[in-house]
Amino acid sequence: MLFRKKAKPDSHQSDEELVADLQRSMDADRFGILYDRYCAKVYQKCVGMTRDRDLAHDLTHDIFLKAFVNLSKFDHRSKFGTWVYSITYNYCLDHLRKTQRQRTDDLDEDAHGEVEHPEDRYEAELLSMRSEMLDEVLSKLEAGDRALLLMKYQDDLSVKEIMEVLGLGESAVKMRVLRARERAFELYQQLQPEGS
Amino acid sequence: MSENPFKIIRPTDQPPENLRKEVMGSVKLLMLLMRFMQLFMADYAMTLFENVRLTGKRDTGPSAAPPAPGSSTKDTPSS
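Calculation rules
- Residues numbered from 1 in each chain as written.
- Chains lettered and ligands numbered in written order.
- Predicted model: local features only at pLDDT ≥ 70, side-chain atom pairs only at ≥ 80, totals over all residues.
- Helix = DSSP H or I, 4+ residues; strand = E, 2+ residues; numbered from the N terminus.
- Buried ≥ 20, exposed ≤ 12 C-beta atoms within 10 Å, placed from the backbone.
- Contact = placed C-beta atoms within 7 Å.
- Arc of directions from axis to C-beta.
- Nonpolar A, V, L, I, M, F, W, Y, C, P; charged D, E, K, R; others polar.
- Axes fitted to C-alpha atoms, helices over the stretch in contact; angles between N-to-C directions.
- Parallel < 35°, antiparallel > 145°, perpendicular 65-115°, else oblique.
- Domains from an automatic or database assignment.
- Core = buried A, V, L, I, M, F, W, Y, C linked by C-beta atoms within 7 Å.

1. Focus on the overall build of chain B
And then number 1: Across its full length, chain B holds 3 helices and 0 strands.
And then number 2: Helices (α) and strands (β) of chain B occur, in sequence order from the N terminus, as α-α-α.
And then number 3: The 79 residues of chain B split such that 6% are buried.

2. Focus on the overall build of chain A
And then number 1: A count of helices and strands for chain A gives 9 helices and 0 strands.
And then number 2: Taken from N to C terminus, the helices and strands of chain A fall in the order α-α-α-α-α-α-α-α-α.
And then number 3: Put simply, 68% of the contacts in chain A that link residues at least 6 apart link residues at least 24 apart.

3. So, helix H6 (residues 131-140) of chain A
And then number 1: The complete set of buried residues in H6 of chain A reads Leu134, Val137 and Leu138 of chain A. For H6 of chain A, the angular spread of the buried residues around the axis is 95°, confining them to a single face. Exposed side chains of H6 of chain A directed beyond 90 degrees from the buried face belong to Glu132 and Ser139 of chain A.
And then number 2: Summarising the contacts, the buried residues of H6 of chain A are in contact with helix H7 (143-154) and helix H9 (170-191) of chain A together with helix H1 (5-8) of chain B.

4. Looking at the interface of chain A and chain B
And then number 1: Each partner contributes to the interface: chain A provides 31 residues, whereas chain B provides 27 residues.
And then number 2: Mapped onto the side of chain A that touches chain B, the elements with two or more residues apiece are helix H2 (28-50), helix H3 (53-69), H6 and H7 of chain A.
And then number 3: When residues of the side of chain A that touches chain B are assigned to their parent elements, the largest contribution, 10 residues, is made by H2 of chain A.
And then number 4: In terms of residue class, the side of chain A that touches chain B is built from 18 nonpolar, 9 polar and 4 charged.

5. Details of the packing of helix H8 (residues 159-166) of chain A against H9 of chain A
Residue and element names in this part refer to chain A.
And then number 1: Contact pair H8 / H9: the axes reach a minimum separation of 9 Å and the direction vectors enclose 100°. It follows from the interaxial angle that H8 and H9 lie roughly perpendicular. In this structure, H8 contributes Val159, Ile162, Met163 and Leu166 to the contact, and H9 contributes Glu170, Val173 and Lys174.
And then number 2: A per-class count over the contact of H8 with H9 returns 5 nonpolar, no polar and 2 charged.

6. Details of unusual backbone geometry
All names here are of chain A.
And then number 1: You will see that Arg51, though not glycine, has its phi angle at about 60°, which is positive.
And then number 2: Even without glycine at this site, Asp156 takes up a positive phi of about 55°.
And then number 3: Structurally, Asp156 is set in the loop between H7 and H8.

7. Some thoughts on the domain arrangement of chain A
Residues and elements named next belong to chain A.
And then number 1: What the domain assignment lists for chain A is domain 1 (15-100) and domain 2 (108-191).
And then number 2: The interface is formed by 12 residues belonging to domain 1 together with 8 residues belonging to domain 2.
And then number 3: Contributing elements (two or more residues each) for the side of domain 1 that touches domain 2: H2 and helix H4 (80-100).
And then number 4: Per element, the largest residue contribution to the side of domain 1 that touches domain 2 is 8 residues, and it comes from H4.
And then number 5: Residues that form the side of domain 1 that touches domain 2 fall into these classes: 5 nonpolar, 5 polar and 2 charged.

8. Points about the nonpolar core
Residue and element names in this part refer to chain A.
And then number 1: Counting 49 residues, the largest nonpolar core has Cys46, Val84, Cys92 and Met151 as its most contacted members.
And then number 2: Element by element, the count of residues in this core is highest for H2, at 9 residues.
And then number 3: Here Cys92 is in contact with Cys46, Met49, Thr50 and Leu59, once residues within four sequence places are set aside.

As structure tokens, then:
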């Protein structure tokens, strides 16, 4: 036989094994297995971030293409899932920031390390909100703040994991989460009907 | 204690069925483009024949085949 047959992808292979194979030679079938494993998570994340199903459809498409193109850069230091998660969050954020032209109020949180009040007085309020109200608050919140709150309270990411996803230092992450909670609470108060 | 409202509002939508087709179509197109890039910009001969293996003549019979590595050249006595 003149042409070598490619080995059939094994759907029981781990993500990392599949990626290692893909890094050796590109293969749409193997990538298809990874797609099947992560498409729902990526799509749901995009819906959560954008609140727009059509846009989430387009973003999911682009995120998988971006992942495919950048597979060679995956260095196996983190889990493949974390890597895809990081692409998803950052891609959605970039898109939202570009389209909404949101103010980039990069406060000087990166400059001075320690957070003054690490204990957050707004956390309890945030977690005891009615879900409809929280949904409304999140829809009005800046994309960056929304992303942080979703990472922390919906996906239960640790500070270390958020640092990995966003490529920020620990104090910057803590400060941004704190500020996001504050802004969410301010919005919550504005949305509260008078007298309640 | 009440349930975390962030968990309640978590989207549960399933991705549209045509999305897989679209993604895989784009991936295949991308692979094709990358192959062409390799073909015209890199070592085109290597790319062209990467998946081709030349095999020896098959009609020469077993006696003409080279001995397997480590095998003895002497015939083993048949019982």
